[in-house]
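Here is what each chain is made of, one letter per residue.
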Amino acid sequence: MLSRHRFQTILASIFVLACMLFTSCGASSQQTSSGNQPVTLTWFMWSGSNQEVQAWQYDASLVTKQYPWIHIKFETTTFPDYWTKLETEAASGTLPDIVSLQSLRTPGFASNFRPLEPYINSNHFDVSAFNTTIIKGLTYQGSLRALPYDFGPLVIFYNKAMFNKYHVPYPSANWTYAEFLQDAQKMSHGNDYGFVASSLPDVWLPFALSSGAHYLTSNGQIDLTNPQLSDAFQNYAKLVYQYHVSPTITAPQVTTTPSIWEAGNIGMVVDGPWDLINDKSTAKFDFGIAPIPTMSQGSISVVAGSGFGISTTTQYPDDAWKAISVLTGNTAEQYLATQGRAFSARTAEQQYWYKNAVPGADTTLNQALTGAVPYVTTSNWNEVTTLIDQEGLKVLDGQESAAAALQSVNTRAGSA
Amino acid sequence: MIVKQPDSDQTSVDRGAPSIHSNVSHITAKDRQLRLSKWREQGIAYLFLAPNILGFLFFTLFSLIVAFGLSLFKWSLLTPPEFTGLDNYVRLLTKDPVFHQVLLNTLYFVFGYVPLNMLLSLGIAIWLSGPIRAKNLFRIIMFLPVMTPAVGVALVWMLMYNYTPSGLINQTLAAVFHIRGPNWLGSDTWAMPSVILMSLWYGFGYNVLVFSAGLQAIPQHFYEAAAIDGAKRWQKFWSITLPLLSPSLFFGLVLTVITSFQVFDQVYILTLGGPGVDTTTLVYYTYQNGFTYFHMGYAATISTVLFLLIMVVTLAQFVLQKRWVHYEV
Amino acid sequence: MKSESFGKTQEVRLRLGSIVSHTLLIIVSLIVLFPFLWMLDTALKPNGQVFQFPPTLLPSSTQWGNFLAVWTFLPFGHFILNSLVVACGGTLLVLITSSLAAYAFARLKFFGRDTLFFAYLGTLMVPQAVLVIPEFLLIRYLGWVNSYQALILPMAFTAFGTFLLRQFFKTIPIELEESAIIDGASRLRILWSIILPLSTSALGVLGLFTFIGFWNNFLWPLIVVNTADMATIPLGLQMFQGQNGTQWSYMMAGATVSILPGIILVFILQRYLVEGINLTGLGGR
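What counts and what doesn't
Residues numbered from 1 in each chain as written. Chains lettered and ligands numbered in written order. Predicted model: local features only at pLDDT ≥ 70, side-chain atom pairs only at ≥ 80, totals over all residues. Helix = DSSP H or I, 4+ residues; strand = E, 2+ residues; numbered from the N terminus. Buried ≥ 20, exposed ≤ 12 C-beta atoms within 10 Å, placed from the backbone. Contact = placed C-beta atoms within 7 Å. Axes fitted to C-alpha atoms, helices over the stretch in contact; angles between N-to-C directions. Nonpolar A, V, L, I, M, F, W, Y, C, P; charged D, E, K, R; others polar. Core = buried A, V, L, I, M, F, W, Y, C linked by C-beta atoms within 7 Å. pLDDT = per-residue confidence, 0-100. Domains from an automatic or database assignment. Expected span 1.5 Å × (residues − 1). Arc of directions from axis to C-beta. Pairing = 2+ DSSP bridges.

(A) Quick peek at the overall build of chain B. Scanning chain B from terminus to terminus reveals 12 helices and two strands. In chain B, the succession of α and β elements from N to C terminus is α-β-β-α-α-α-α-α-α-α-α-α-α-α. Taking the principal axes of its C-alpha atoms as reference, chain B extends roughly 100 × 75 × 35 Å. Burial status across chain B gives 43% buried among its 329 residues. Pairs at least 24 apart in sequence give 69% of the contacts found in chain B among residues at least 6 apart.

(B) Just the overall build of chain C, in detail. The secondary structure content of chain C amounts to 14 helices and zero strands. If you list the helices and strands of chain C from N to C, you get α-α-α-α-α-α-α-α-α-α-α-α-α-α. The proportion of buried residues among the 285 residues of chain C is 50%. Considering only intrachain contacts with a sequence separation of at least 6, the fraction spanning at least 24 residues in chain C is 76%.

(C) Up close: the packing of helix 4 (residues 135-143) of chain B against helix 7 (residues 191-216) of chain B. All names here are of chain B. The contact between helix 4 and helix 7 brings their axes to 7 Å, and the two run at 145 degrees. Between helix 4, through Arg139, Met142 and Phe143, and helix 7, the contact on the second element is made entirely by Phe204, Gly205, Tyr206, Val208, Leu209 and Ser212. Here the residues of the contact of helix 4 with helix 7 are counted per class, giving six nonpolar, two polar and one charged.

(D) Broad picture of the interface of chain B and chain C. Listed per partner, the contact involves 82 residues of chain B and 81 residues of chain C. For the side of chain B that touches chain C, the element with the highest residue contribution is helix 1 (residues 23-70) of chain B, accounting for 20 residues. Of the residues that constitute the side of chain B that touches chain C, the class distribution is 59 nonpolar, 20 polar and three charged.

(E) Representation of the environment of Gln167(C) within the structure. All names here are of chain C. Structurally, Gln167 is set in helix 7 (residues 159-170). Judged by the 17 C-beta atoms lying within 10 Å of it, Gln167 falls in the partly exposed class. Put simply, Gln167 and Ala106 are 61 residues apart on the chain and 7.6 Å apart in space, counted from C-alpha to C-alpha.

(F) Fine view of the nonpolar core. If you look at the biggest cluster of nonpolar residues, it comprises 291 residues, and the most contacted ones within it are Phe233(A), Ala323(A), Ala154(B), Leu155(B) and Leu306(B). Sequence-distant contacts of Ala154(B), defined by excluding residues within four places in its chain, comprise Met198(B), Asp265(B), Gln266(B), Ile269(B) and Leu270(B).

(G) Quick peek at the confidence of the model for chain C. All names here are of chain C. With 88% of its residues at a pLDDT of at least 70, chain C reaches an overall mean of 83. Taking the mean pLDDT of every element in chain C, the minimum, 68, falls on helix 14 (residues 270-279) and the maximum, 94, on helix 6 (residues 148-152). Across the whole predicted complex the pTM is 0.85, and at the interface the ipTM reaches 0.85.

(H) Seen up close, the domain arrangement of chain C. Residues and elements named next belong to chain C. Parsing chain C into structural domains produces domain 1 (2-43) and domain 2 (71-279). The distance between the C-alpha centroids of domain 1 and domain 2 comes to 38 Å. Grouping the constituent residues of the side of domain 1 that touches domain 2 by class yields four nonpolar, one polar and no charged.

(I) A look at helix 2 (residues 50-66) of chain A. Residue and element names in this part refer to chain A. Between its terminal C-alpha atoms helix 2 stretches 25 Å, which fits the 24 Å expected from 17 residues at 1.5 Å a residue. Those residues of helix 2 that sit buried are Trp56, Asp59, Ala60 and Val63. All buried residues of helix 2 lie within an arc of 95 degrees about the axis, which places them on one face of the element. Pointing more than 90 degrees away from the buried face of helix 2 are the exposed residues Ser61 and Lys65. Buried-residue contacts for helix 2 involve strand 1 (39-46), strand 2 (70-77), helix 13 (317-327) and helix 14 (330-339).

(J) Examining the confidence of the model for chain B more closely. Summarising the model, chain B shows a mean pLDDT of 85, and 91% of its residues fall at 70 or more. Of all the helices and strands in chain B, helix 1 of chain B carries the lowest mean pLDDT, 81, while helix 3 (residues 99-129) of chain B carries the highest, 94.

(K) A look at the pairing of strand 11 (residues 302-310) of chain A. All names here are of chain A. When you tally the buried positions in strand 11, you get nine out of nine residues, the bulk of the element. The side-chain alternation of strand 11 yields two buried faces, one formed by Val302, Ala304, Ser306, Phe308 and Ile310 and the other by Val303, Gly305, Gly307 and Gly309. In this sheet, strand 11 lies alongside strand 3 (residues 98-102) in antiparallel orientation, the contact comprising five bridges. When the bridges of strand 11 are listed, Gln102 appears paired with Ser306. Both strand 6 (residues 147-153) and strand 11 contribute to a ladder of six bridges, which runs antiparallel. Residue pairing for strand 11: Pro148 is matched across the bridge by Gly307. As paired elements, strand 11 and strand 12 (residues 373-374) share two bridges and run parallel to each other. Paired with Val302 across the strands is Val373, a residue of strand 12.

So this is what it looks like as structure tokens:
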């Protein structure tokens, strides 16, 4: 017979158990006002290894050094996941205080970032110390959304050992596309390839732009159906299916062509200065960087970069501003540049990056930067780039025409 | 399991017949007692049910209803939801250039994977039912992949399928057979078969166990009687084994079909739905729309269509079972 | 004489057949096990050797260190911890709540019992893909994104466990309980002391499948986890993919760790497997 007492005990224990399970696990942020009261700010940034995490955490410690009441809690995930997770957090209202932003994603995510003009003005902050192209890249509808920490044009990384093996002279500053193709063909034998081509738009748009194509209309809408773009993409795809100077890659490899290049049997790859230090530590060969080969309209590359901004939902915007100004300040930039983590967005600190880069990097980058344009994107760029990645693979493999693929992407992305 | 045999048919309450004189009061008291215990039983029942049912109602039943409702809206999370009625369905079935391909891909997988799985596991199960030593060890080995995360095994299969640089499969083909292997995961001809092959390896062990259990339960005397009558092996198989195994076969078939419609993990790892959309299956398409593009309403529509598809196929199987499944003692 | 030699030939033939049969089975088993062995083999190779042609079966220098390196390369310790918490917590929750509910359905009479059970049955066929979208919205509404509750709770209340145990409880003769009821035992006591001890194989099977289900689940953590430190093992494994794809040996080391619980549990609980499938009706009978 279940006594009343037992009944209640059971009820109570179930209740307690349920409470324990249902209690939120998240760390509750202190509801103290900013300004010398201890504050913990969350900072969300992508990373690919513990090494990178340590670099960012060191950066975060610089903030506390300068403003002792501010502590930074660093959260991270991988780069591809970062953008979907950011959108999830924006939708859940759980955005961190400091959010990292890439110039490519600015149109899509700008609404989650506070305009920085008020802070720049009230603190007499010198924005001109940063490179103007990347500042433009992180600006949306007239206001800057994040302070940049790095940037760079996309360039060609070339494997000197491979060039030596096939007696191919290194790329010159003004080398042409014809020379590029020739070099690639000379190096493509057996398991060796002269180039590794990816369907990622970041990688092939410089070739398209250099041959006079465009991918956006004058008012920033996506336009992938114009014939110049289809031709440019088709020619690029020929590198894989016709000239066989590049291996055929699979979907998960689309964003990781630099690591395929690191294996040592590929001559060239399109990449940016942000990867230089990773490549230096992993690649077992010497390498150099060269600008995008000159085509009919010259050598036009795209400039992309990343920075840190203040989320619209943070409760401590002033402290967040202080934090990001340190994270992108002279000391941090010098550290990141010396580490090779960032080709500094601050012009003055770029010299430290050059010290650890490869010989000739400064001339190449300067040249690439003069001809480069900011990488402008649309607000649904995440979807656009995923679709181009997917469909583009079939074009590279010769299974589909560039025109058909781009048309398909245009329809699907446009109807979002 | 040893079952305790009841030693009598005595029912639980038998206090003897009430005497005539105390009839009325006795029954009322008993009545009250019964009613009280009935209420108590209900109370206890609800108490027992409570933890499970709260979670069930909340996370499963309620979610199911929300999913159906969501498919009638257009919602991208950051903007307020917009009621669109059946527009999503219309768009999915008529205007979406990709859905037909996705549907075909899923059917390709189901019709490729299920028959191969059934044949393979049935064959192995029957083989193992013969005079084999350590049969349980073999069964367990076949079953091992099922218990491992699909992600882990998909990664090693990706390694083996790798095209540049050559993974194990292409290296073996080149060295032993002098064939140049295709781009398993990147070619539109081979991508889906590659996914099917990996899934086959991953999943067949489950049915081996199910069919083995079913085979074990077939009484031996049927075979002995048939042997006396001079039946050959083939006849025994066809007339005894198959019919008596049919409940297990049915169960295995239904379950395998249902799980094959939901393939996701290996697609995500091996091909990311590519090349193009050649291996994008219904669940992958749902995921993409819901959690990469954040078209929540549309994703709910796709998943509802998937659910209806599974329901229809399963119901059809249940209807057809009368024709070939023998439920005997 | 003749029949004797005939009998001997028969015996030899049978024995040969048996040897062939066993050998083929061993080969098939090796084929099944091969990817796991390849996984371990690659995990022990130095990174440069992973795609070496011809493939080396034995690594030139066994890199047990790769297993340690996995820990420092990505927060693998977090992945393991999270998987353990989620799988153990979830399994416990399922076993407890399912036993209670199954007993109620099997033995107790209450208002709405059959309708409710029918509702349970109906949801058995619902694919996970349908539920993840509304469950995600629910989790988001509750503010539980990227938390343990989000990883455990939505998956802990499917009808499967209740259904399985209810079917099993019904096969236990009711007389065993009736004598206890007369003696005045509470229902809870009956469940604990009589029913559960008789149900070890069913509980074993349910526990095994639930644990593995949580451990292997990929789609849900993919949706609900935002940061690397809350990831479970399958989610963490795919994080190796986006990065330095050349770190195959680390990835395989991680993958090897991920398959261990499944393998170990199957070997430990193998007795329950075939038995349990029969008894609980998972085999369709």
